[in-house]
Amino acid sequence: IAGMERAFLDAGYKIGGFDAATVSAVLKGSGLSSSAAFEVMVGNILNHLFNGGRVSNVEIAKMAQFAENVYFGKPCGLMDQTACAVGGLVAIDFADPAAPVIEKLDFDLSGAGFALCITDTGGNHADLNEDYASVPAEMKSVAAALGQDVLRPLTKEEIVKNIPVLRKQCGDRAILRAIHFVSENERVAAQVDTLRRGDVDAFLSLVKDSGDSSYRYLQNVYPTKNAAEQGLSLALCLTESYLTDHVGDRCAWRVHGGGFAGTIQAFVPHDAADDYARFMEGVFGAGSVHVLQIRPEGAIRLA
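Residues numbered from 1 in each chain as written. Predicted model: local features only at pLDDT ≥ 70, side-chain atom pairs only at ≥ 80, totals over all residues. Heavy atoms only, no water.

> Please clarify how the nonpolar core should be interpreted in this entry.
With 22 residues, the main nonpolar core has Leu243, Ile264, Ala266, Val268, Tyr276 and Met280 as its most contacted residues. When contributions to this core are tallied by element, the ones reaching two or more residues are strand 3 (114–120), helix 10 (231–246), strand 4 (252–255), strand 5 (263–269) and helix 11 (270–284). Within the second largest apolar cluster, 18 residues are counted, among which are Leu154, Ala178, Val182 and Phe260. (Core = buried A, V, L, I, M, F, W, Y, C linked by side-chain atoms within 4.5 Å. Buried < 20%, exposed > 50% of the residue type's maximum accessible area, 1.4 Å probe, protein only. Helix = DSSP H or I, 4+ residues; strand = E, 2+ residues; numbered from the N terminus.)

> How should I be thinking about helix 11 in this particular structure?
Structural remark: α-helix, 3.6 residues per turn; residues separated by three or four positions point the same way. The first and last C-alpha atoms of helix 11 sit 21 Å apart over 15 residues, in line with the 21 Å expected at 1.5 Å per residue. Ala272, Ala273, Tyr276, Ala277, Met280 and Phe284 are the residues of helix 11 that are buried. Angularly, the buried residues of helix 11 cover 140° about the axis, an arc narrow enough to put them on a single face. With respect to the buried face of helix 11, the exposed residues turned more than 90 degrees away are Asp271, Arg278 and Gly282. Of the residues flanking the end of helix 11, it is Gly285, one or two places downstream, whose phi is positive at about 105°. (Expected span 1.5 Å × (residues − 1). Arc of directions from axis to C-beta.)

> What should I look at first to understand the packing of helix 1 (residues 2–10) against helix 3 (residues 57–72) in this one?
Packed helices, taken two at a time, are described by the angle their axes make and the gap between the axes. Where helix 1 contacts helix 3, the axes come no closer than 8 Å and their chain directions differ by 125°. One way to sum up the angle between helix 1 and helix 3 is to call them oblique. In the packing of helix 1 onto helix 3, the handedness of the crossing is right-handed. Contacts between helix 1 and helix 3 involve Ala2, Gly3, Met4, Arg6, Ala7, Phe8 and Asp10 from the former and Ile60, Met63, Ala64, Phe66, Ala67 and Tyr71 from the latter. Its residues assigned to classes, the contact of helix 1 with helix 3 comprises ten nonpolar, one polar and two charged. (Axes fitted to C-alpha atoms, helices over the stretch in contact; angles between N-to-C directions. Parallel < 35°, antiparallel > 145°, perpendicular 65-115°, else oblique. Left-handed = near helix turned anticlockwise from the far one by under 90°. Contact = heavy atoms within 4.5 Å. Nonpolar A, V, L, I, M, F, W, Y, C, P; charged D, E, K, R; others polar.)

> I would appreciate a short explanation of the packing of helix 3 against helix 4 (residues 79–86) in the present structure.
The geometry of helix 3 relative to helix 4 is characterised by a closest axis approach of 8 Å and an angle of 145° between their N-to-C directions. Crossing handedness for the pair helix 3 and helix 4: right-handed. Between helix 3 and helix 4, the residues in contact are Asn57, Val58, Ala61, Ala64, Gln65 and Glu68 and Gln81, Thr82, Ala85 and Val86, respectively. Split by residue class, the contact of helix 3 with helix 4 holds five nonpolar, four polar and one charged.

> Before we go on, may I ask you to explain the sheet that holds strand 4 in this structure?
The pairing of strands in a sheet happens through backbone hydrogen bonds and is either parallel or antiparallel. Judged by pairing direction, the sheet is antiparallel, and its four strands sit side by side in the order 4-5-3-6 without closing on themselves. In this open sheet, the two strands that pair with only one neighbour each are strand 4 and strand 6 (289–292). Going from strand to strand, the sheet's axes swing by 20° on average, the running direction of each strand aside. The pairing of strand 3 with strand 5 spans seven bridges and is classified as antiparallel. Within the sheet, the bridge partner assigned to Asp120 lies in strand 5 and is Thr263. Each of strand 3, strand 4 and strand 5 touches helix 9 (residues 200–218); the most contacted strand, strand 4, lies at about 30° to it. (Pairing = 2+ DSSP bridges.)

Right, here's the structure in full:
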């Protein structure tokens, strides 16, 4: 709350005191953007109570990132905040982190016949900071070895050409993660193109490719310190088996959020979603699966 108010003041907007009662069905600590949802909600309260609703949701998302970075101390990006604020399916280009290009895609997942199923595998979220931090650190080590601050300017070919040197300076896992990064950027662009064209089958295929790359190359599906705990791996295994047998090709699944523990996502046809949820809850417990629709609106004032 303090971070959002500071951001409003720094941007030249007004703030004030208010009483609020809040309720949320967003799972906490499971990679479902619960903190971003709260930040964006506070931003909308300040926007409508004291600023006549003239602050755009994109601007509120940037303020929410500031609040989380500076006041909470989590070095998150802008993705979660933008998704909560803008709503629907959005594409974000972070080439300029200070001014990301945000595009709201005119695609209705529910209208195309699909639900987004989130399975909470439980597990221990403690002591994962080292695993999370290793991902950007290793990627940046590869970028630095090739004369860049970040991987964005590099191609897969440039990385592969320099593997003998990179193995000595950065290690094999860092190379795999760097290859995932540059390949994933290409996949995201391709996914955006499929949604613009309304080609849901091509989109689902790319989602599966992305999840496979996360598992094998990014390696963010289970923690390195406790390899016996692999709830995400198990959930992905069961999802692949069930959906392949009961749905066929028109579905997709992958790890959700930062990984290592928490949740997976699956795009499932409406007529199969409830049965899939029952199957997964038989393993991970009642209420562990959330069958969601992605609403077209983001943060809004209802009344």
